[in-house]
Each structure stands twice: as structure tokens, then as C-alpha cells.
There are 2 protein chains.
Amino acid sequence: MEAEHIVRSYDEELRDLNDMIARMGGLTESQIARAIEALVNRNPDLAETVVADDERVDDLNYEIDEKATVLIALRQPMGLDLRNIVSALKIAADLERIADYASNIARRSLALSEVAPVRPVHAIPRMSRQVQQMIKEVLDAYVERNVDKAMAVWASDREVDDMYTSLFRELLTYMMEDPRSITPCTHLLFIAKHIERIGDHVTNIAEIIHYLVEGTRMRRTRPRGSTADHEVGSDAK
Amino acid sequence: MEAEHIVRSYDEELRDLNDMIARMGGLTESQIARAIEALVNRNPDLAETVVADDERVDDLNYEIDEKATVLIALRQPMGLDLRNIVSALKIAADLERIADYASNIARRSLALSEVAPVRPVHAIPRMSRQVQQMIKEVLDAYVERNVDKAMAVWASDREVDDMYTSLFRELLTYMMEDPRSITPCTHLLFIAKHIERIGDHVTNIAEIIHYLVEGTRMRRTRPRGSTADHEVGSDAK
């Protein structure tokens, strides 16, 4: 009886940890959505809310760290149990970085709302929808412990990189045509870069799921950083 | 005798982990130094070496993860011992990101070596020297478990942020004066941003040292992201 009680309680604790990751993921995804909304609708109040709410993501990250550390100390896990806990720690760290980028996008939208609007850049909300979808799917893959789903998300980051590359070219053209657009376009350039980096963090999470389920490290094989990419300023991970 | 043997061996293993972090830190710092040298001396061969050597940093990060996970599983640490191991995991993750930025700087220096040199921007090597010094000092603080030293490094990141802000303004001016400089200046803008982000990761490491030694989370109190910063495109952490 005693042993069974401990086992069930441990499962419950792991489930709590999973739930905390899912909650942090949902909050992070909403931070991105609201940051982009603040940008598109030139809504500084919403942007300020996003910046303020980053603290909530940081707090959840801290709670997950604490919970995981206590679980390791009390439960002395091994094998899959240990991978479960270490993976939660790592995924939380990636989500925290993603939320940082959302907060930075909100800050830049504040700066942009103070100047005349630049030519609408539809690619930014489109890129953002793509990474939001990737976050949703990678969190599903995490909850289901589904490596195939995680790998599909991982592969789809290529589309984000391609969108970034073409947006980069487009923004450079605007800047060359009209020097007054240089400052706002620079903000948009960084915003696009932030979204591209969010995509990279989602691929990190997909790799963590691979490690969690398979117990082995995934070697990155996707081609990155070709000479063509250098010319337009794309970064490799 | 047996217990003493186990204790000594555990200390040795923790020392191994510390040594691996120190080695990873040294390699990361050298990656930054060489990336900036490749940029300043327009040396594509060196830049390619930096990009290729990023794999070595990734491998060390993986070895540290493995070592830490095995130590948790076999030693079932608690309290300070557990904080030691979790901190090593977290510091390795920050060093891995820092090395990624060094690799990205090297990639951008490749693109820059293919175009006419832009006006020399002395601030970039200066910023880089500052973050390299911060990395050295934060690793010293880690080895010595010295919170005061870690906090001094943490506070000095303000200087990197200030250098970034003035460099950002300078680059915008060049771009407005001469549209042909827009593409290379955009690369320099991202390089400056990468260095600024490296400084942020160093402050993360300083915060981890605080947690490691004191056992409590450090609340960030340094003012960031004022309206003035928005205007020149600085990001908050």
C-alpha cells in the first residue's frame, strides 16, 4: 500500500510538472499573439501589458525549476523519470526565452507606434502565426510524448527561415528607397529576427522531446547557413 | 573508509564538472575573440574555423548534460550538491547560446568580407573585449563561488548596453547618409546586438551563481527598457 501510494503520488507530481509546462507554453504563445496584435494595431497599451506579463512567465519558469529540483531531491529518479524532469527544466528555459522575444517585440512595437506607419509588412503576422502554430504542435507532441509529431514541427522551421530571408530582402529595399524608413525598418528587421529565433527555440524543444522519448541526442542534420543565407543575413543556430 | 571513499570520489566528480564548465567557458570566450578577429581583419578562413568549431562547444554542452544527469541518478544529491549540478546544467546552456552568437558573428563577417569595408566601427571590438572580460570574471566567480564578484560582473553589463545604444545610433546615421552602406551596416547592427545578448547571458550566469551560493533566486532590479532605449531599439531581457 505504502509503495503504491508513493508511486501514484510521484505520477501526480510528474503530471503537475507537465501541466505547468503546458500552462507556461499557453501563456508564452498568448504573449506572442498579443505582441503581434499590439504591433499590427499600433496599440501601445496592449504592448505595455505584454511587457508587464513577462514577469508571469519568469515566475512560472522559476516554479518549474523549483518543482523539478525538489522532485530530483525527494524522488531520486533514474532513467526515463529523470529524463522527464530534466526535459521539463530545459523546455521551461526555452519557453522563457521565447517569451523574452515576445516582450522585446512588444517593446519595439511601442517605438513603432510613435512614428509614421511604414508600408505594411504582411509577412510579419504570417511568420508569427507559423511560429505560434509550431509552439502549439510542439506542446502537443510533448504532452503525447510523440517524437514523429515533434520531428514534423522541427522540419517546418525551414518555412520560418525562408519567410525571414525574403522579409529581410524586402525591408532592405524599403530602406534603400527611402532613408526616412531606416529607423522603423530596423525595428521590423529585429522583430522578424526575434520571430525567426522563436522558431529556433521551438526546434530546440522538438530536440528535447526526441531525447526524452528516445533517450538519445538528436544530431542536427538540417542544412543551414548556406552562402546564400549569409548574403541576406540569416543566422544559423 | 568506504564512506570516505565515496565522498572523495563524489567531490572529484563535482570537480570534473567544474573543470568541464571552465573548459567550455574558455572555448566560448576564444570563439568570440576569433569571430571578432575574423571580422576586423576580414579573414574568411578564420571565420569558417569559428563556425566549424561551434560543434566542439555543442559537444561539451552535451557531455556536461550527460555527466550531470548521471551524477543525479547515481549520487541522489540534495541541497547544495544538487544546486551544484543543476547550476552546471544551466551555465552550460548559457555558454552554448553565447557560442552560438560567436558563430553567428563569424557567419556575418563572411558576408561582410565580400563587400567593400564600411567605415571602421571601433565600438564593436571594444564591446567584444568588454563581454570577453565579463565571461572571464564570471567564470572566476563560479570557480571561487564568489557572489560579490558575480554581482560586480552583473552590474557591469550596463556598460555593454550603453555601448550598444550609442553604436546603434552611429550605424543608423551611416545608413541614412549612404544607402549603399545599408546592407553591411545591417550586418554590423546584428553583430552589435549579438554582443549585447552575450552580455545578457553573462548576467544570467551571474544570477545562477547567486542561486548556487545563496540558495535563493535573485530578483532583477537593474532598470531596463526605458523609453529612451525604445527609441534606439534596445531590447530588455
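Structural data are supplied above this passage.
Here we summarise the structure given alongside this text.

Scoring rules and cut-offs
Residues numbered from 1 in each chain as written. Chains lettered and ligands numbered in written order. Predicted model: local features only at pLDDT ≥ 70, side-chain atom pairs only at ≥ 80, totals over all residues. Heavy atoms only, no water. Helix = DSSP H or I, 4+ residues; strand = E, 2+ residues; numbered from the N terminus. Buried < 20%, exposed > 50% of the residue type's maximum accessible area, 1.4 Å probe, protein only. Contact = heavy atoms within 4.5 Å. Areas by Shrake-Rupley, 256 points an atom, 1.4 Å probe, with all protein chains shown as cover. Salt bridge = Lys/Arg side-chain N within 4 Å of Asp/Glu carboxyl O. Expected span 1.5 Å × (residues − 1). Disulfide = S-S within 2.5 Å. Bend = angle between axes of the 7 residues up to and from the residue. Core = buried A, V, L, I, M, F, W, Y, C linked by side-chain atoms within 4.5 Å. Phe/Tyr/Trp six-rings, centres within 6.5 Å; stacked < 30°, edge-to-face > 60°. Lys NZ or Arg CZ within 6 Å of the ring centre and 35° of its normal. Axes fitted to C-alpha atoms, helices over the stretch in contact; angles between N-to-C directions. Parallel < 35°, antiparallel > 145°, perpendicular 65-115°, else oblique. Left-handed = near helix turned anticlockwise from the far one by under 90°. Nonpolar A, V, L, I, M, F, W, Y, C, P; charged D, E, K, R; others polar. Polar contact = N/O pair within 3.5 Å; in protein donor to acceptor, adjacent residues only side chain to side chain.

**Some details on the overall build of chain A**
Link 1 in the chain: What chain A contains, in helices and strands, is seven helices and zero strands.
Link 2 in the chain: Starting at the N terminus and ending at the C terminus, chain A contains elements arranged as α-α-α-α-α-α-α.
Link 3 in the chain: Counting across all 237 residues of chain A, residues that qualify as buried make up 58%.
Link 4 in the chain: The long-range share in chain A, meaning contacts at least 24 apart out of those at least 6 apart in sequence, stands at 84%.
Link 5 in the chain: Total accessible area on chain A stands at roughly 9,600 Å², and carbon and sulfur atoms take up 52% of it.

**Regarding the pattern of salt bridges**
Link 1 in the chain: Counted under the stated rule, the structure contains 28 salt bridges over all chains.
Link 2 in the chain: Where Lys90 of chain B meets Asp65 of chain A, a salt bridge forms, and the shortest distance between an N and an O atom there is 2.4 Å. Note that Lys90 of chain B is positioned in helix α3 (residues 79–113) and Asp65 of chain A in helix α2 (residues 44–75), a pairing that runs across two chains.
Link 3 in the chain: Assessed through its relative accessible area of 13%, Asp65 of chain A is described here as buried.
Link 4 in the chain: If you follow the salt bridges from partner to partner, you end up with Arg34, Asp53 and Arg56 of chain A in one network.

**Some remarks on helix α4 (residues 123–144) of chain B**
Link 1 in the chain: Between its first and last C-alpha atoms α4 of chain B spans 31 Å; for 22 residues at 1.5 Å apiece the expected length is 32 Å, and the two agree.
Link 2 in the chain: At the C-terminal side of α4 of chain B, Arg145 of chain B shows a positive phi close to 55°.

**Brief notes about the state of the cysteines**
Link 1 in the chain: Applying the stated criterion across every chain, the model contains zero disulfides over all chains.
Link 2 in the chain: The thiol sulfur of Cys185 of chain A is not disulfide-bonded, and the nearest other cysteine sulfur, from Cys185 of chain B, lies at 15 Å.

**Observations regarding helix α2 (residues 44–75) of chain B**
Residues and elements named next belong to chain B.
Link 1 in the chain: Helix length check: α2 (32 residues) gives 47 Å between terminal C-alpha atoms against 46 Å at 1.5 Å per residue, within 8%.
Link 2 in the chain: Remark: the principal bend of α2, roughly 25°, maps to Ala52.
Link 3 in the chain: Within two residues after α2, Gln76 carries a phi angle of roughly 45°, on the positive side.

**Observations concerning the nonpolar core**
Link 1 in the chain: Counting residues in each nonpolar core, the largest one holds 156 residues, and the members touching the most others are Ile21 and Ile124 of chain A together with Ile21 and Ile124 of chain B.
Link 2 in the chain: Beyond its immediate sequence surroundings of up to four residues, Ile124 of chain B is in contact with Ile36, Leu39, Leu167, Leu188, Ile191, Ala192 and Ile195 of chain B.

**Things to note about the packing of aromatic side chains**
Link 1 in the chain: Considering all chains together, one arrives at five aromatic pairs over all chains under this definition.
Link 2 in the chain: Each ring, one from Phe168 of chain A and one from Phe190 of chain B, has its centre 6.5 Å from the other, and the planes form 35°; the classification is tilted. Linking Phe168 of chain A in helix α5 (residues 147–177) with Phe190 of chain B in helix α6 (residues 182–214), this pair reaches from one chain into another. In terms of burial, Phe168 of chain A and Phe190 of chain B fall into one category: buried.
Link 3 in the chain: Ring plane angle 45° and centroid distance 5.0 Å describe the contact between Phe190 of chain A and Phe190 of chain B, whose orientation is recorded as tilted. You can see Phe190 of chain A sitting in helix α6 (residues 182–214) and its partner Phe190 of chain B sitting in helix α6, one on each of two chains. An identical accessibility class is assigned to Phe190 of chain A and Phe190 of chain B; each is buried.
Link 4 in the chain: Aromatic rings pair up to connect Tyr164, Phe168 and Phe190 of chain A together with Tyr164, Phe168 and Phe190 of chain B into one cluster.
Link 5 in the chain: In this arrangement the basic side chain of Arg145 of chain A is found over the ring face of Tyr142 of chain A, its NZ or CZ atom lying 4.4 Å from the centre.
Link 6 in the chain: Sitting over the ring of Tyr62 of chain B, Arg217 of chain A keeps its end group 4.3 Å from the ring centre.

**Here's the deal with the packing of helix α5 (residues 147–177) of chain B against α6 of chain B**
Residues and elements named next belong to chain B.
Link 1 in the chain: In contact at an axis separation of 9 Å, α5 and α6 are set at 170° when each is read in the N-to-C sense. The angle between the axes of α5 and α6 places the two elements in the roughly antiparallel class. Between α5 and α6 the crossing geometry is left-handed.
Link 2 in the chain: Classifying every residue of the contact of α5 with α6 by side-chain character gives 22 nonpolar, four polar and seven charged.

**Points about the side chain of Asp94 of chain A**
Link 1 in the chain: In this fold, Asp94 of chain A is placed in helix α3 (residues 79–113).
Link 2 in the chain: Residue classification places Asp94 of chain A among the buried residues on the basis of a relative accessible area of 3%.
Link 3 in the chain: Here the side chain of Asp94 of chain A touches Asn204 of chain A through a polar contact of 3.1 Å, side chain to side chain.
Link 4 in the chain: The residues contacting Asp94 of chain A, other than those within four sequence positions of it, are His201, Asn204, Ile205 and Ile208 of chain A together with Arg97 of chain B.

**A closer look at unusual backbone geometry**
Residues and elements named next belong to chain B.
Link 1 in the chain: Its identity as a non-glycine residue notwithstanding, Gln76 has a phi of 45°, on the positive side.
Link 2 in the chain: Assignment of secondary structure puts Gln76 in the loop between α2 and α3.
Link 3 in the chain: Assessed through its relative accessible area of 31%, Gln76 is described here as partly exposed.
Link 4 in the chain: For Arg145, which is not glycine, the phi torsion reads 55° and is therefore positive.
Link 5 in the chain: Locating Arg145 in the fold gives a position in the loop between α4 and α5.

**Observations regarding the environment of Asp140 of chain A**
All names here are of chain A.
Link 1 in the chain: Positionally, Asp140 belongs in helix α4 (residues 123–144).
Link 2 in the chain: On the accessibility criterion, Asp140 (38% relative accessible area) is partly exposed.
Link 3 in the chain: On a C-alpha basis, the gap between Asp140 and Pro125 in space is 23 Å, while along the polypeptide they are 15 residues apart.

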